[in-house]
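So you can see what is in the structure, the chains are spelled out below.
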Amino acid sequence: MKIEEARKYHKIDAVIVGAGLAGLRAALEVAKSGLTAAVITKVYPTRSHSGGAQGGIAAALANVSEDSLESHMADTVKGSDYLADQDIIERFVNEALKTVYEFEHMGVPFSRTEDGRINQRPFGGHSAPRACFAQDITGHVLLHTLYEQCLQHNVLFFNEFQVLSLLLKDDVARGLVAWDIRAGGLHIFHAKAVLLATGGYGRAWKVTSNAHANTGDGVALVLEAGLPLEDMEFVQFHPTGLYKHGILLSEAARGEGAYIVNDRNERFMKTYAAAKMELAPRDVVSRAEQTEINEGRGIGGQDYVYLDLRHLGRDKILSRLPQIYDLALNYLKVDAIREPVPIQPTAHYSMGGIPANVRTEVIKDAAGSVVKGLYTAGEASCLSLHGANRLGTNSLQDAATFGRIAGVHMTEFCKKNAFSDLPGKPLETAQGKIDRLWGGGKERHAPIRLTLQENMTKTMGVFRNQDDMLKMLGVIKELQERYQKVGVDDKGQAFNLDLIEALELENLLGFSEVIVEGALARKESRGAHFRSDFPKRNDGDWLRHTLAWRRSGKIVLDFSKAVVIYPQYQPQERKY
Amino acid sequence: MAMIDIHVKILRYQPGKDDKPGWQDFAISVEDEATILDVLNEIHWRHDGTLAYRRSCRSSICGSCAMKVNGRNVLACETPIHRFGSKLKIEPLSGFEIIKDLVVDLEPFFAKLKRIKPYLIVDKPLPDKEFVQTQEQLEQIGESTLCILCAACSAACPSSWPNQEYLGPAALLKAYRFVFDSRDDGADQRLEIVNDKNGVWRCHTIFNCMEACPKKIKITEYLSRLKVKVVENSL
């Protein structure tokens, strides 16, 4: 191994990829133990997309009404359409209160009740007001607070670094190789433990709430390393995406009482979820919206419906939902105090991801065999906490709680184990990716990405069917071939956005194939995965997790990983 | 929605190639509802792949895409082109070293943040549940916590331009946010740090920061309250 080939070589106990809530929370835990923790992030930490979360973080504090851990668990099980692993949910609800109080003790400016306690609001699929919130900028304040805590505890930050390959050998993680975006050049990070907390993969869609950064890099790295991905076909479409832009308008709007109406000014949710109405889970509301649109009851027959906040009144809108108000005004010139806001379903949350156990250790097969030293948490992971559909406000809680749990186990692991040797030629894979793009042909990344995103939105949305998905698979294969001939205009070292976007595209193309293959194989409808040609849930055949590998260029699926189900939470018909 | 032709001037700088930044012109067609970020993406994706800029959330919350458009600091993602008409002049934030094109070096900006101890300092025992904080107490700091660290304020601040040592509006606003948090016990430490010629006293209430802030935070007002607190504390 020629270490001098790398401009930089870093030897660090725990290396964490991603600076959202999961990554930062893990880093903080490791750093507090006295070990060195480094966070590698392609954007400045406060730019991470956890900051985009608006409505709240779930915990049964019971500050404004009766609530219980059992209720939070039951709601999450049902919300997941019974695909979530219940041992994971149990751990989650048991840790959730601690996570919120910890955040409060760190200084998070939660909105308050009259008596000065953390305020809570209703959210879809939760049977009590459980969303602890800070206006509608909850993710933003949690993210900034955690970043500041990490500064206090001297977490090392490698800002604007793009990870290009995992260093694994004999099922032991040994570190990774990353490209320094700012200055150019490859760096080797030699680590005892590696956490992948790279977030979701919603950028494969054109209409999406996701940031430009959400290209599923960690998910793609795992696939490339010959490890499996889990339940990738389950992607949540958020019902209140800002029309055309896809930008998130928080479910907090409906939590505060907003309506969704069609062209006839009907609150159409009464047809689909009479009891919960607009506060049914997101998969249910998005399907209802898309059905209204498909049947011609979108506004003016077009592909959107209205989110109506007007009856909430100016004071409530500006005090509780100021960000939503500003977004509608800035992007659509709609004044939500006086006008309804055009909305449509938007690709939002990745339930699938990197399979891991309750200790956040990455697993490599249906039996749960562990890859030593490799961890995952947050949206990049599939534990599976959210199953086929996530409940709103469970994601911030997931990221923070399992981030902390990851930090605890990584610390233990680092204390017990020595550094493993790096594999031979550690730079080879990463260098190969760069060289190919710099020496590449006439194809460009932008049109390929746009074709992928447009087709994913068209065929892999709220409703899916076999014909569309087979076509989509063909599109992906063709785009993968074209990608082989992609070259970049920019040959410079410093801040080469052209190169980064081309590298990210390879990731999008890689895991999108897994999404489509999984969705094609799963001949049932469950949670966010709805097949018009198989509209019923089928527990007999499909109450199983999907594992997918890329082997010799082909996606191989395995459905032998069972769902963990407790006797008291047996699958039932899911009605709201 | 219609397509319109626009003329865009961008201040370009490619390290290793250019001695100094220079303007480049682009004539492109975009939708009339396009944002500045849409314009940059259009140029980068279809006209010139070498253009560099920062962006991520495209929904005004991550703070990546602060830049100067027709002389004003804005977030590219939330700023529609119709605010400026069909002639755009886009350049990086002032007062920072340019890394490439519209990308500036923000390391000094983030280093200043760390200097004011941007974390709750608590001497008292932690409660079992949350600290009680009244709505009025929260109100003191509420708006200041909206800051997205985009650096538009610092880049607009004439006191910051000639003096790299000045803490600048963003770090001082963060100091305010903790000093005025009812749960915090670290005011003395922080007030000592900001009571310096390169701390609050370098703020000459010019109000540029407030005008530049995409979150409309009343920064100057909060910095003034911080000054009062420094004086009160030293009496």
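Reading the values: the criteria
Residue numbers here run from 1 along each chain, matching the order of that chain's written sequence. Working convention: letters from A go to chains and numbers from 1 go to ligands, in the order in which they are written. Where totals are concerned, whole chains, interfaces and linings use all residues; where local detail is concerned, this predicted model gives features only for residues with pLDDT of at least 70, and gives and counts side-chain atom pairs only at 80 or more. The side-chain figures draw on all heavy atoms in the structure; neither hydrogens nor water molecules are used. A helix here means a DSSP run of H or I that spans at least four residues, while a strand means a run of E at least two residues long, and both kinds are numbered starting from the N terminus. Relative accessibility under 20% of the residue-type maximum defines a buried residue, over 50% an exposed one, and the middle range a partly exposed one, all with a 1.4 Å probe and only protein chains included. Every residue pair with non-hydrogen atoms within 4.5 Å of one another is taken to be in contact. To be clear on the numbers: accessible area is Shrake-Rupley with a 1.4 Å probe, and residue cover counts the displayed protein chains and nothing else. His residues and chain termini do not enter the charge count, which takes Lys and Arg as positive and Asp and Glu as negative. Lys charges are placed at NZ, Arg charges at CZ, Asp charges at CG and Glu charges at CD. We define buried area as the total accessible area lost by two parts upon association, computed with a 1.4 Å probe and summed across both. Basic side-chain nitrogens of Lys or Arg form a salt bridge, by our definition, when they fall within 4 Å of a carboxyl oxygen of Asp or Glu. Counting of polar contacts relies on pairs of N or O atoms within 3.5 Å, with two restrictions inside protein: one atom must be capable of donating a hydrogen and the other of accepting it, and residues adjacent in sequence are counted only when both atoms are side-chain atoms. Only Asp, Glu, Lys and Arg are considered charged in this grouping, and only Ala, Val, Leu, Ile, Met, Phe, Trp, Tyr, Cys and Pro are considered nonpolar; every other residue, Gly among them, is considered polar. Directions from the helix axis toward the C-beta atoms define the arc. Planes of paired rings set the category: under 30 degrees apart is stacked, over 60 is edge-to-face and the rest tilted, where pairs are Phe, Tyr or Trp rings (Trp by its six-membered ring) whose centres lie within 6.5 Å. Both a distance and an angle decide whether a charge sits over a ring: NZ of Lys or CZ of Arg must be within 6 Å of the ring centre and within 35 degrees of the ring normal. To define axes, lines are fitted to C-alpha atoms, for helices over the stretch in contact only, and angles between the resulting N-to-C directions are given on a 0 to 180 degree scale. In this scheme, roughly parallel covers angles under 35 degrees and roughly antiparallel covers those over 145, while 65 to 115 is roughly perpendicular and the rest are oblique. Crossing handedness is read from the near helix: turned anticlockwise from the far helix by less than a right angle, it gives a left-handed crossing, and turned clockwise, a right-handed one. What makes two strands pair is DSSP finding at least two bridges between them. Patches draw on residues past 30% relative accessible area with no salt bridge. Two like charges within 9 Å are joined, as are two nonpolar side chains (Val, Leu, Ile, Met, Phe, Trp, Tyr) within 5 Å.

**Student:** Kindly report on the overall build of chain B, identifying the contributing residues and their values.
**Tutor:** Secondary structure assignment for chain B yields 8 helices and 7 strands. With the C-alpha coordinates aligned to their principal axes, the bounding extent of chain B is approximately 60 × 40 × 30 Å. Here chain B holds 235 residues, and the buried ones make up 58% of them. For chain B, long-range pairs separated by at least 24 residues make up 66% of all intrachain contacts whose partners lie at least 6 apart in sequence. Of the roughly 10000 Å² of accessible surface on chain B, a fraction of 49% belongs to carbon and sulfur atoms. Within chain B, one finds 32 positive and 32 negative side-chain charges whose respective centroids are separated by 2 Å.

**Student:** Can you break down the interface of chain A and chain B residue by residue, with the values?
**Tutor:** Every contact between the two is made by 67 residues of chain A and, on the other side, 65 residues of chain B. Regarding the contact of chain A and chain B, the summed buried area is about 5300 Å², with carbon and sulfur atoms giving 51% of it. On inspection of chain A and its partner chain B, the count reaches 7 salt bridges. Seen at the junction of chain A and chain B, the total is 40 residue pairs in polar contact (both at pLDDT 80 or more). The greatest single-element share of the side of chain A that touches chain B, amounting to 8 residues, is contributed by helix 4 (residues 138-152) of chain A. The residue makeup of the side of chain A that touches chain B, split by class, is 22 nonpolar, 26 polar and 19 charged.

**Student:** Break down helix 2 (residues 107-115) of chain B for me, citing the residues and quoting the values.
**Tutor:** Along an α-helix, a turn takes 3.6 residues, which lines up residues three or four apart on a common side. Along helix 2 of chain B, the residues classified as buried are Phe109(B), Phe110(B), Lys112(B) and Leu113(B). Across the axial projection of helix 2 of chain B, the buried residues extend over an arc of 150 degrees, all falling on one side. In this fold, the buried residues of helix 2 of chain B make contact with helix 4 of chain A together with helix 4 (152-156) and helix 5 (168-179) of chain B.

**Student:** Explain the packing of aromatic side chains residue by residue, including any values.
**Tutor:** This structure, assessed with the given rule, holds 19 aromatic pairs over all chains. Judged by centre distance (5.6 Å) and plane angle (85 degrees), the ring pair of Phe158(A) and Phe161(A) falls under edge-to-face. Accessibility assignment for this pair places Phe158(A) and Phe161(A) in one class, buried. Put simply, the rings of Tyr44(A), Tyr147(A), Phe157(A), Phe96(B), Phe109(B) and Phe110(B) touch in pairs and so form one group of aromatic residues. Sitting over the face of the ring of Tyr349(A), Arg390(A) holds its NZ or CZ atom 4.0 Å from the ring centroid. Between Arg177(B) and the ring centre of Phe178(B), over which it is positioned, the NZ or CZ distance is 4.0 Å.

**Student:** Account for the packing of helix 2 (residues 69-79) of chain A against helix 3 (residues 86-105) of chain A, with residues named and values stated.
**Tutor:** Residues and elements named next belong to chain A. Relative orientation of the contacting elements helix 2 and helix 3 amounts to 140 degrees, with a least axis distance of 9 Å. Considering their axes alone, helix 2 and helix 3 lie oblique with respect to each other. As helix 2 runs across helix 3, the sense of the crossing is right-handed. Residues Leu69, His72, Met73, Thr76 and Val77 of helix 2 form the contact with helix 3, whose participating residues are Gln86, Ile89, Glu90, Phe92, Val93, Asn94 and Leu97. Looking at side-chain class alone, the contact of helix 2 with helix 3 contains 7 nonpolar, 4 polar and 1 charged residues.

**Student:** Now, about the sheet that holds strand 4 (residues 120-121) of chain A: what can you tell me, with residues and values included?
**Tutor:** Residues and elements named next belong to chain A. The antiparallel open sheet is built from 3 strands, whose spatial order is 3-5-4. Unpaired on one side and paired on the other, strand 3 (57-58) and strand 4 mark the two borders of the sheet. As judged from the 2 bridges shared by strand 3 and strand 5 (residues 131-132), these two strands associate in the antiparallel manner. Counted as the bridge partner of alanine 58 is alanine 131 from strand 5.

**Student:** Talk me through the environment of Phe103(A); I want residue IDs and the actual numbers.
**Tutor:** All names here are of chain A. Summarising the element assignment, phenylalanine 103 is placed in helix 3. Residue class for phenylalanine 103 comes out buried when judged on its relative accessible area of 1%. Sequence spacing of phenylalanine 103 and alanine 37 is 66 residues, and the spatial spacing of their C-alpha atoms is 20 Å. When sequence neighbours within four positions are dropped, the list of residues in contact with phenylalanine 103 reads Leu21, Ile57, Val108, Phe110, Leu142, Leu146 and Ala400.

**Student:** So, the pairing of strand 20 (residues 554-562) of chain A: which residues are in play, and what are the values?
**Tutor:** Residue and element names in this part refer to chain A. Two elements, strand 19 (residues 544-551) and strand 20, share 7 bridges in a ladder whose sense is antiparallel. Within strand 20, the residue paired with tryptophan 549 across the bridge is valine 556. Connecting strand 19 to the antiparallel partner strand 20 that follows it, the hairpin turn spans 2 residues, and serine 552 within it adopts a positive phi of roughly 50 degrees.

**Student:** An account of a nonpolar patch on the surface is requested, with residue identities and associated values reported.
**Tutor:** All names here are of chain B. Where nonpolar side chains cluster on the molecular surface, the patch consists of Trp201, Val231 and Leu235 and spans about 340 Å² of accessible area. The residue leucine 235 is located in the segment after helix 8 (219-234) in this model. What makes leucine 235 exposed here is its relative accessible area of 84%.

**Student:** Now, about the side chain of Glu130(B): what can you tell me, with residues and values included?
**Tutor:** One can find Glu130(B) in the loop between helix 2 and helix 3 (135-142). Buried charged residue Glu130(B) carries no salt bridge. Nearest counter-charge: Arg117(A), at 4.7 Å. A polar side-chain atom of Glu130(B) sits 2.8 Å from a polar atom in the side chain of Asn63(A). Polar side-chain contacts of Glu130(B) include one of 2.9 Å to the backbone nitrogen of Ile118(A).

**Student:** Let's hear about the pattern of salt bridges: which residues, and what values?
**Tutor:** Summed over the entire model, instances satisfying the criterion amount to 58 salt bridges over all chains. Taking the shortest distance from any N to any O, the salt bridge between Asp171(A) and Lys364(A) comes out at 2.5 Å. Highlighted residues: Asp171(A) in the loop between strand 7 (161-169) and strand 8 (172-180) and Lys364(A) in the loop between strand 16 (361-363) and strand 17 (370-376), separated in sequence by 193 residues. For Asp171(A), a relative accessible area of 34% corresponds to the partly exposed category. Residue classification places Lys364(A) among the partly exposed residues on the basis of a relative accessible area of 26%. Arg12(B) is paired through a salt bridge with Asp48(B); the nearest N and O atoms lie 2.9 Å apart. Of this pair, Arg12(B) sits in strand 1 (residues 3-12) while Asp48(B) sits in the loop between helix 1 (36-47) and strand 3 (66-69); the two residues are 36 residues apart in sequence, bridging distant segments of the chain. Residue Arg12(B) is classed as buried on the basis of its relative accessible area, which comes to 6%. Salt bridges linked by common partners bring Asp81(A), Glu233(A), Asp283(A), Arg287(A), Arg522(A), Glu524(A), Arg526(A), Arg537(A), Asp539(A) and Arg574(A) together as one network.

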